[in-house]
Amino acid sequence: MARSSRSSIARHSMAEQEPSVRITNFDEVALGYDLTTAVEEAQRCLQCRHSPCVSGCPVGVRIPEFIKALREGDMWDAVAKLKDKNSLPAVCGRVCPQETQCEEVCVLAKRGEPVAIGRLERFVADWEREHGIRVPPVASSMGKRVAVIGSGPAGLTAAGDLAKLGYDVEVLEALHEPGGVLVYGIPEFRLPKEIVKIEIGYLESLGVKIRTNVVIGRLYNVAELLESYDAVFMGTGAGLPMMMNIAGENLNGVYSANELLTRVNLMKAYQFPEWDTPVRVGARVAVVGAGNVAMDSARSALRLGANEVHIVYRRSREEVPARAEEVHHAEQEGVIFDYLTNPVEILGAEGWVTGMRCIRMSLGEPDASGRRSPVPIEGSEFEMVVDTVVMALGTQPNPLAFSQAPGLERNRRGAVVADSATGRTRLERVWAGGDIVTGSATVISAMGAGRVAAMDMHAYLMGQSRGPWLTAAEPA
Amino acid sequence: MYQIIAKETLTPVTKMFVISAPEVAQKAQAGQFVVLRVHEKGERVPLTIADYDRDEGTITIVVQEIGKSTRLLGQLEPGDRLASFTGPLGRPTEIENYGTVVLVGGGLGIAPIYPICRSLRAAGNHVIAIIGARSGDLLFWEERMRSVTDELIVVTDDGSYARKALVTVPLKELLESGQTIDRVWGIGPAIMMKFIALTSQPFGVKTIVSLNSIMVDGTGMCGACRVSVGGRTYFACVDGPEFDGHLVDWDLLLSRQRMYRDDEAIALERFSQPESQSNREAR
Ligand SMILES: Cc1cc2nc3c(=O)[nH]c(=O)nc-3n(C[C@H](O)[C@H](O)[C@H](O)COP(=O)(O)OP(=O)(O)OC[C@H]3O[C@@H](n4cnc5c(N)ncnc54)[C@H](O)[C@@H]3O)c2cc1C
Ligand code: FES
């Protein structure tokens, strides 16, 4: 096919549940491509020799190669090319912000719409799942034990890579289900938990042992782990919810997004009383913040029966940090966006939320980071009538895992100091990666950090350690 | 793992379970708690550790059957397994030689003060305990408590057993008696802990309480367990559960404990009347 005819094919949309239907259920919104559509979409790829998409991907997925195999009908080869760099493709195909990564730099994006790389990734991964996942050969045991703390994307990736290399890997997870944010945070309607389970099952088939209900900092601490393991990877994420510290925040009806989403996703409160954990979402809900977490909270609230759900955000639409698709879906579903608005107090009666006092904001001069900072407009305060407030203001690393780990340096935001090229922390034989180092970021960047650390752990444990251990004197 | 080794009915509403959890037992200390799930669809239920045996590898918990989850737990028998069991969680009690200490345990609160008394006594304190219940048939562990205390005072609200008094009455008498009391602990229902704290406050004796707020993860990740102490918000599961009772915002705690009252009633009703439920579904 000629280049010109490839680029004349329009990008294929993906089937979705109708907004009016999907807000009444927790089933997946996006339904994926069928084989014909996937192959047609794959035809659009120009197979650029310099493949900018690969450099746009934090883990360097072999994008043109898997797309080529797909359009040539060699599905198993497509799977192999895709999974060479990404052990959780069904997850990434669904939750990665492709529009700021691989698809942003796609050559086709310059003149029209980029190849739908995320949708193709999802298609190939789903195809494999439907046809029976094949387990690659694993190196024989090297007799070295590695502990991975936390079973989010960072920990799972590090564990999978190390297991393939022949290490005895144990993942130690605080909750009763592995997966981190993938199971407790991101809702079923975006990422079915069955898919996460199967991808984790694949890692277990590589020999990764997962021990749930193990809270590091309480049951064991890092110092103890160093006695019984040759190396430790910390991937405990950024699970500590931030609150605004305004009056009324402890009223009944005020949730952290983490609590709301954990009740709904991990504990299946949307199936109460079939499942035992309840959640209380009223008729009028305000979600404060505009990241993915806020979108997930707002859309969950709609599905739990709220009549009116507001996103309350102190900046404007331009600055919204959530994935474009999430904002689009939220808008389609009827979520109301109150931009340039900031809560100042939560109002209540008899212990329960009755409303929220807010102030209007305007955008001032750009700050050091280049973002225009919001400033309150005097005298613009007003009251919103709401009965549920969800605080989705971001999270910081949970300090629990650090108790009894002297030597692990952390920065002002509570994040562990680690070398981004190796994952090494200041404490010898301890590596870290993912949200624990960067603060709340993305699934794929956490996976990338897990991979980087796994490679360096391997080099270190093989006695080929590159360079000295990170010391306090060096810059991180 | 997490197998029930022994079960004992302590009172008509309280049962004791000894659970096999060798790693947790190795690490457990007085004042800490566990979070368990009875079955796959179950809630994460926080329960204070009532005893631990490092040699046997067991944790003892005492539960009052009030909601669906605790009733389901109450139906389990030795040999049955829990879906999950996580611990130890929370900060341990600060054990030191304070001198003379008074521990007040009301109702179910008798269970958690037992290991605290034992540790405080081992640390050299003169340990006085006050245990109480609404009536004599609801009282348990009197002999056990005697074995870890120097003085034990037993009361019941209705006088059906031992002395007729609320637990705060002998506490006040001790504080007024002129003997030096260096620290007080009070564990029981929130409203009782509030009155224990109010009783000791005028005497300026530091009083530690164990806050039983609603919890989900128990690891500091959700904030369901928010409490206000001295005007600051804390997460009871990781910053506590023990706090200075004189600084606790009791009304907030009591209010937050009621957040799911209606849902708890629904769950319990469905659980207690499976027949009527299936009838409803059949129609
Ligand atoms: C609601 C929500 C929606 C999101 N949506 C997207 C999206 O669409 N796309 C995207 O790319 N990113 C998204 N993100 C961000 C993304 O999920 C995270 O960046 C990513 O999961 C970080 O991975 P991680 O492995 O570092 O940590 P996590 O996924 O947070 O996993 C950490 C794990 O460690 C465990 N742990 C913590 N402390 C301990 C301890 N002391 N002992 C033992 N275990 C412990 C935790 O229980 C958890 O399982 C979202 C985040 C949230 C919360
Ligand atoms: S129970 Fe979730 S933070 Fe305490």
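Above this note sits the structure.
These remarks concern the structure in this document. Each chain carries its own residue numbering, running from 1 in the direction its sequence is written. Chains carry letters from A onward and ligands carry numbers from 1 onward, assigned in written order. Two thresholds apply to this predicted model, a pLDDT of at least 70 for residue-level local features and 80 or more for giving and counting side-chain atom pairs, whereas whole-chain, interface and lining totals are computed over all residues. The side-chain figures draw on all heavy atoms in the structure; neither hydrogens nor water molecules are used.

**What about the overall build of chain B?**
Move 1: To qualify as a helix, a DSSP run of H or I must reach at least 4 residues; to qualify as a strand, a run of E must reach at least 2; elements of each kind are numbered from the N terminus. Looking only at helices and strands, chain B features 10 helices and 16 strands.
Move 2: Radius of gyration: over C-alpha atoms. The globule rule applied is 2.2 Å multiplied by the number of residues raised to the 0.38 power. Rg of the C-alpha trace for chain B: 19 Å, near the compact-globule value of 19 Å for 283 residues, within the 12% margin.
Move 3: C-alpha atoms of chain B, sized along the principal axes, occupy 70 × 40 × 40 Å.
Move 4: Sorting the 283 residues of chain B into buried and exposed places 57% on the buried side. Each residue is placed in one exposure class: buried if its accessible area under a 1.4 Å probe, protein chains only, is under 20% of its type's maximum, exposed if it is over 50%, and partly exposed if it falls in between.

**Structural notes on the interface of chain A and chain B**
Move 1: We call two residues in contact whenever any of their non-hydrogen atoms come within 4.5 Å of each other. On the chain B side, the residues contacting the 42 residues of chain A number 48 residues.
Move 2: Where chain A abuts chain B, roughly 3800 Å² becomes buried across the two surfaces, and 51% of that area is made up of carbon and sulfur atoms.
Move 3: Computed with a 1.4 Å rolling probe, the buried area is the accessible surface lost when two parts are put together, summed over both parts. On the chain A side of the interface with chain B, the three residues burying the most area are Arg-218, Asn-250 and Asp-276 of chain A, jointly 20% of the side's total.
Move 4: By definition here, a salt bridge exists when the distance from a side-chain nitrogen of Lys or Arg to a carboxyl oxygen of Asp or Glu is within 4 Å. In this structure, the connection of chain A to chain B is made through 5 salt bridges.
Move 5: Measuring nitrogen to oxygen at the nearest pair gives 2.7 Å for the salt bridge that ties Lys-27 of chain B to Glu-224 of chain A.

**As for the site of ligand 1**
All names here are of chain A.
Move 1: Throughout, the term near means that a residue has one or more heavy atoms lying within 4 Å of the molecule or strand in question. Neighbouring residues of ligand 1: 35 residues in total, closest Val-95, Glu-173, Arg-190, Ile-216 and Asp-435.
Move 2: The term polar contact refers here to a pair of N or O atoms within 3.5 Å; inside protein, the definition further demands a hydrogen-donor-capable atom paired with an acceptor-capable atom, and it admits residues adjacent in sequence only when both atoms are side-chain atoms. Contacts to ligand 1 include Ala-174, whose backbone N or O atom sits 3.2 Å from a nitrogen atom.
Move 3: Reported accessibility uses the Shrake-Rupley method at a 1.4 Å probe radius. Residues are deemed covered only where the shown protein chains occlude them. Relative to its free-state accessible area of 1000 Å², ligand 1 is covered by the protein chains to the extent of 95%.
Move 4: Every element with two or more residues in the shell around ligand 1 is listed here: helix H9 (153-164), helix H14 (292-303) and helix H17 (443-461).
Move 5: With 3 residues, the top contributor of residues to the shell around ligand 1 is H14.
Move 6: Nonpolar residues are Ala, Val, Leu, Ile, Met, Phe, Trp, Tyr, Cys and Pro. Charged residues are Asp, Glu, Lys and Arg, and all others, Gly as well, are polar. Taken together, the residues of the shell around ligand 1 sort by class into 19 nonpolar, 11 polar and 5 charged.

**Observations regarding the pattern of salt bridges**
Residues and elements named next belong to chain A.
Move 1: All told, the structure shown has 46 salt bridges over all chains when counted by the stated rule.
Move 2: A salt bridge links Glu-103 to Arg-11; the nearest nitrogen and oxygen atoms lie 3.2 Å apart. Taken together, the positions of Glu-103 in the loop between helix H7 (89-95) and helix H8 (117-131) and Arg-11 in the loop between helix H1 (3-8) and strand E1 (15-16) put the pair 92 residues apart, joining distant regions of the chain.
Move 3: Classification of Glu-103 by relative accessible area gives buried; the value is 7%.
Move 4: Arg-11 sits in the partly exposed class, given a relative accessible area of 22%.
Move 5: Residues Glu-326 and Arg-299 are paired through a salt bridge, measuring 3.0 Å at the closest nitrogen-oxygen approach. Of this pair, Glu-326 sits in helix H15 (residues 324-332) while Arg-299 sits in helix H14, and the two are 27 residues apart along the sequence.
Move 6: A relative accessible area of 1% places Glu-326 in the buried class.
Move 7: Overall, Arg-299 belongs to the buried group, its relative accessible area being 0%.
Move 8: A cluster of three or more residues bridged by salt bridges with shared partners is formed by Glu-16, Arg-22, Arg-190, Asp-296, Arg-299, Arg-303, Arg-323, Glu-325, Glu-326 and Glu-333.

**Description of the packing of aromatic side chains**
Move 1: Two rings from Phe, Tyr or Trp (for Trp, the six-membered ring) form a pair when their centres sit within 6.5 Å of each other. Planes less than 30 degrees apart are called stacked, planes more than 60 degrees apart edge-to-face, and all others tilted. One pass over the structure, following the stated rule, counts 10 aromatic pairs over all chains.
Move 2: Relative to Trp-185 of chain B, the ring of Tyr-98 of chain B lies with its centre 5.7 Å away and its plane at 65°, an arrangement referred to as edge-to-face. In this pair, Tyr-98 of chain B is assigned in the loop between strand E7 (84-89) and strand E8 (100-106) and Trp-185 of chain B in strand E12 (residues 183-187), connecting sequence segments 87 residues apart.
Move 3: With 5.7 Å between their ring centres and 50° between their planes, Tyr-234 of chain B and Phe-243 of chain B make a pair best called tilted.
Move 4: Given the relative accessible area of 7%, Phe-243 of chain B is considered buried.
Move 5: Cluster of aromatic residues (ring-pair linked, three or more members): Phe-26, Phe-189 and Tyr-270 of chain A.

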